[in-house]
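Below, each chain spelled out in residue letters.
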Amino acid sequence: LIPKIFSAWDMDDNESLDSREILLGLSKYCNERGVTYMPNEIMAIFHDVDRDHDGELDSREFAIFVTRFTSVLGIHMPDFAGFMIAELEEERKMADGWKLLPELFHLWDFDGSEYISRTELSLALNDYSRAEGLKLDQRRIDRHFYEADRDHDNQLTLREFSVFICQFSEDVEIDVIDVVEGLIDVLEEMTKIRKGWALMPRLFCVFDSDRSNSIDRHELNRGLHRYCEKEQYTLNASLVDRIFDETDCNGDEGLDEREFAAFMAKFADTTKVNLESLTSFLIQDVIQTKKNEEGWLLLPKLFEVLDYDGSGSLERREVASGLEHFCKATGRRLNAKATRTLFEEADDNGDCSLDQREFSVFLSKWADRNSVSLEELAAFMLENIPLSLKVYDSVRRMWRSSSIRY
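Reading guide: rules and limits
- Residues numbered from 1 in each chain as written.
- Predicted model: local features only at pLDDT ≥ 70, side-chain atom pairs only at ≥ 80, totals over all residues.
- Heavy atoms only, no water.
- Helix = DSSP H or I, 4+ residues; strand = E, 2+ residues; numbered from the N terminus.
- Buried < 20%, exposed > 50% of the residue type's maximum accessible area, 1.4 Å probe, protein only.
- Contact = heavy atoms within 4.5 Å.
- Areas by Shrake-Rupley, 256 points an atom, 1.4 Å probe, with all protein chains shown as cover.
- Patch = residues over 30% accessible without salt bridge, like charges linked within 9 Å, V, L, I, M, F, W, Y side chains within 5 Å.
- Salt bridge = Lys/Arg side-chain N within 4 Å of Asp/Glu carboxyl O.
- Lys, Arg positive; Asp, Glu negative; His and termini not counted.
- Charge placed at Lys NZ, Arg CZ, Asp CG, Glu CD.
- Core = buried A, V, L, I, M, F, W, Y, C linked by side-chain atoms within 4.5 Å.
- Axes fitted to C-alpha atoms, helices over the stretch in contact; angles between N-to-C directions.
- Parallel < 35°, antiparallel > 145°, perpendicular 65-115°, else oblique.
- Left-handed = near helix turned anticlockwise from the far one by under 90°.
- 1 Å grid on protein atoms, 1.4 Å probe; cavity = no way out; pocket = protein on both sides within 12 Å on 5 of 7 lines; lining within 4 Å.
- Points joined across faces, edges and corners; volume = space filled by probe spheres on them.
- Nonpolar A, V, L, I, M, F, W, Y, C, P; charged D, E, K, R; others polar.
- Phe/Tyr/Trp six-rings, centres within 6.5 Å; stacked < 30°, edge-to-face > 60°.

Participant: Explanation requested: the overall build of the chain in the structure shown.
Facilitator: Scanning the chain from terminus to terminus reveals 19 helices and six strands. Considering the chain as a whole, with its 406 residues, one finds that 41% of them fall into the buried category. Within the chain, contacts between residues separated by at least 24 positions form 65% of all contacts whose residues are at least 6 apart in sequence. Taken as a whole, the chain presents about 22500 Å² of accessible surface, with 51% of it coming from carbon and sulfur.

Participant: Whenever I open this one, a negative patch on the surface confuses me. Can you help?
Facilitator: A cluster of like negative charges, contributed by Glu 103, Glu 132, Asp 178, Glu 181, Asp 185 and Glu 188, occupies part of the molecular surface. If you tally residues by element for the negative patch, the top one is helix α9 (residues 176-198), at four residues. Here Glu 181 lies in helix α9. Glu 181 sits in the partly exposed class, given a relative accessible area of 41%.

Participant: What exactly am I supposed to notice about the pattern of salt bridges here?
Facilitator: Side chains that differ in sign of charge can pair as their charged atoms come close. The tally for this structure, following the rule as stated, stands at 12 salt bridges. In this structure, Asp 171 engages Arg 140 in a salt bridge whose closest nitrogen and oxygen atoms are separated by 2.5 Å. Remark: Arg 140 occurs in helix α7 (residues 138-148) and Asp 171 occurs in helix α8 (residues 158-172); sequence separation between them is 31 residues. Accessibility expressed as a relative area gives 24% for Asp 171, which makes it partly exposed. Residue Arg 140 is classed as partly exposed on the basis of its relative accessible area, which comes to 33%. Arg 217 is paired through a salt bridge with Asp 241; the nearest N and O atoms lie 3.2 Å apart. Of this pair, Arg 217 sits in helix α11 (residues 217-230) while Asp 241 sits in helix α12 (residues 237-247), placing them 24 residues apart in sequence. Judged by its relative accessible area of 31%, Asp 241 is partly exposed. Through salt bridges with shared partners, a single ionic network connects Arg 217, Asp 241, Asp 245 and Glu 253.

Participant: Even after reading the chapter, I still don't get the nonpolar core, so can you show me in this structure?
Facilitator: Side chains that are nonpolar tend, in soluble globular proteins, to be buried together. In this structure, Leu 104, Trp 108, Phe 161, Phe 164 and Ile 165 are the most contacted members of the largest nonpolar core, which totals 28 residues. Looking at this core, the elements that each hand over two or more residues are α5 (77-108), α6 (118-132), α7, α8 and α9. The element contributing the most residues to this core is α9, with seven residues. Setting aside its immediate chain neighbours within four residues, Ile 165 contacts Leu 101, Leu 104, Trp 108, Val 180 and Leu 183. The next biggest cluster of nonpolar side chains, apart from the first, holds 27 residues, and it includes Val 206, Leu 239, Phe 260 and Ala 268.

Participant: How should the packing of helix α15 (residues 316-329) against helix α16 (residues 336-346) be read in this particular structure?
Facilitator: The geometry of a pair of packed helices is captured by two quantities: the angle between their axes and the separation between those axes. Two numbers describe how α15 lies on α16: the axes approach to 12 Å, and their chain directions differ by 130°. Looking at the two axes, α15 sits oblique to α16. Here α15 and α16 pass one another in a crossing that is right-handed. On α16, the residues that touch Arg 316, Val 319 and Leu 323 of α15 are Thr 339, Arg 340, Phe 343 and Glu 344.

Participant: Would you explain unusual backbone geometry in this entry?
Facilitator: When glycine is set aside, most residues are seen to have a negative phi, and most peptide bonds are trans. Residues other than glycine seldom take positive phi values, yet Glu 114 does so here, at roughly 70°. You can see Glu 114 is positioned in the loop between α5 and β3 (116-117). We classify Glu 114 as exposed; its relative accessible area is 55%. Phi at His 152 takes a positive value of approximately 50°, unusual for a residue other than glycine. Structurally, His 152 is set in the loop between α7 and β4 (155-156).

Participant: Would you mind showing me how to read empty space enclosed by the protein here?
Facilitator: Taking a probe equal in size to a water molecule and rolling it over the atoms shows the remaining empty space. A complete count under the given rule lists one cavity of 30 Å³ or more for this structure. The calculated volume of the largest cavity comes to roughly 60 Å³. Every residue lining the largest cavity is listed: Arg 118, Leu 121, Ser 122, Leu 125, Asn 126, Leu 136, Gln 138, Ile 141, Asp 142 and Phe 145. Contributions of two or more residues to the lining of the largest cavity are made by α6 and α7. Residue composition of the lining of the largest cavity, by class: five nonpolar, three polar and two charged.

Participant: Looking at this structure, how should I read the packing of aromatic side chains?
Facilitator: Given two aromatic rings, one states the distance between the centres and the angle between the planes to describe the pair. Applying the stated criterion to the full structure yields 11 aromatic pairs. Judged by centre distance (6.3 Å) and plane angle (10°), the ring pair of Phe 164 and Phe 168 falls under stacked. Placement of both Phe 164 and Phe 168 in helix α8 is noted, with a separation of four residues, approximately one turn of the helix. Side by side, Phe 164 and Phe 168 carry an identical accessibility label, which is buried. A centroid spacing of 6.1 Å and a plane angle of 70° characterise the contact between Phe 343 and Phe 362, whose relative ring orientation is edge-to-face. One end of the pair, Phe 343, is in helix α16; the other, Phe 362, is in helix α17 (residues 356-369), with 19 residues separating them in the sequence. Take Phe 362: its relative accessible area is 0%, and that puts it in the buried class. Grouped by ring-pair contacts, the aromatic residues Phe 46, Phe 65 and Phe 69 constitute a single cluster.

Participant: Help me out: how do you make sense of the packing of α15 against helix α18 (residues 374-384) in this one?
Facilitator: Where α15 contacts α18, the two axes come as close as 10 Å, and the packing angle between them is 105°. As the angle between them shows, α15 and α18 are arranged roughly perpendicular. Facing Gly 322, Leu 323, His 325, Phe 326 and Ala 329 of α15, the residues of α18 in contact are Glu 376, Leu 377, Phe 380, Met 381 and Asn 384. Of the residues belonging to the contact of α15 with α18, the class tally is six nonpolar, three polar and one charged.

Encoded structure:
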């Protein structure tokens, strides 16, 4: 048992105990059990077993100290060991909780004022109490706040906040470390939600593709469907319609910026989705979708240029030459086998060539598989096709325009 006592007693984990740590621990046991002791007597034992006279006891010296101390005072070793291990572990939890208090205070200080107001305090406490199944007595919370607020300015400094948390922990009969860790979890979630709200104006802007200052059901469902696909979550269309109707205050079948923000918050809360994660994904997804749409607009032009023989179809060699050039310029390695598979999948009629529609499907899938924007790929290939193709294309255009036959 003695090694366990030593480990629990060594609060600073320096593998030694000084006289102050020894006296603090022993005083708790003796006061609790009604044991009378003389500090001078304890210190005499301490100095006697401190063989190297460094003012600290290592684990071997501590074992000798405990044996002599319990013998002199007539203390039952198992009782002493059980009490000290339990008491010291509780103290360690308290110490760990105190170490986390600055982090908790920083998270709770929503406006960065270095103070926590009564309103800020209530916001997180209410969420924490719901998560823990606690029923808060607001009068007791107000009393703890008043007692901790020494200067009575209706806000708490870090020191005053620490006092409040200790009082709150005692009141709800939960260890300080557990209260602090639980509150940190609640506040981190609240921070994510606030970040999600901060992204709402930008999300509304990218969603509003027709610049009508209103988002209809189609625009909304399209983005949410892609998010749910990524998260492997089945989108409940009736739920979306219900939330849409609830937040469309004027019933005009479109959501303005305020209504849109209310919809997203309600959707995230109902489906237990992180609001920040949802808004961040949707912003990136809509931007990427728009780039892909712009890329699709370039594909007919790209097909015409790559089809330098004017056959109305592209062979695998013609397609591969453009992709090889793109991969070389962007530091990628062209996977010939995967490219051939995509080519064969897009070649619906199996004639070993791609018409314009098949080519568009192929290039879109290739860009998606290689995490490349379709717009970036198409624009690069148009700008950087081999010079010989550009020359041939120019000659072909001249030939068409002048009706010259060769």
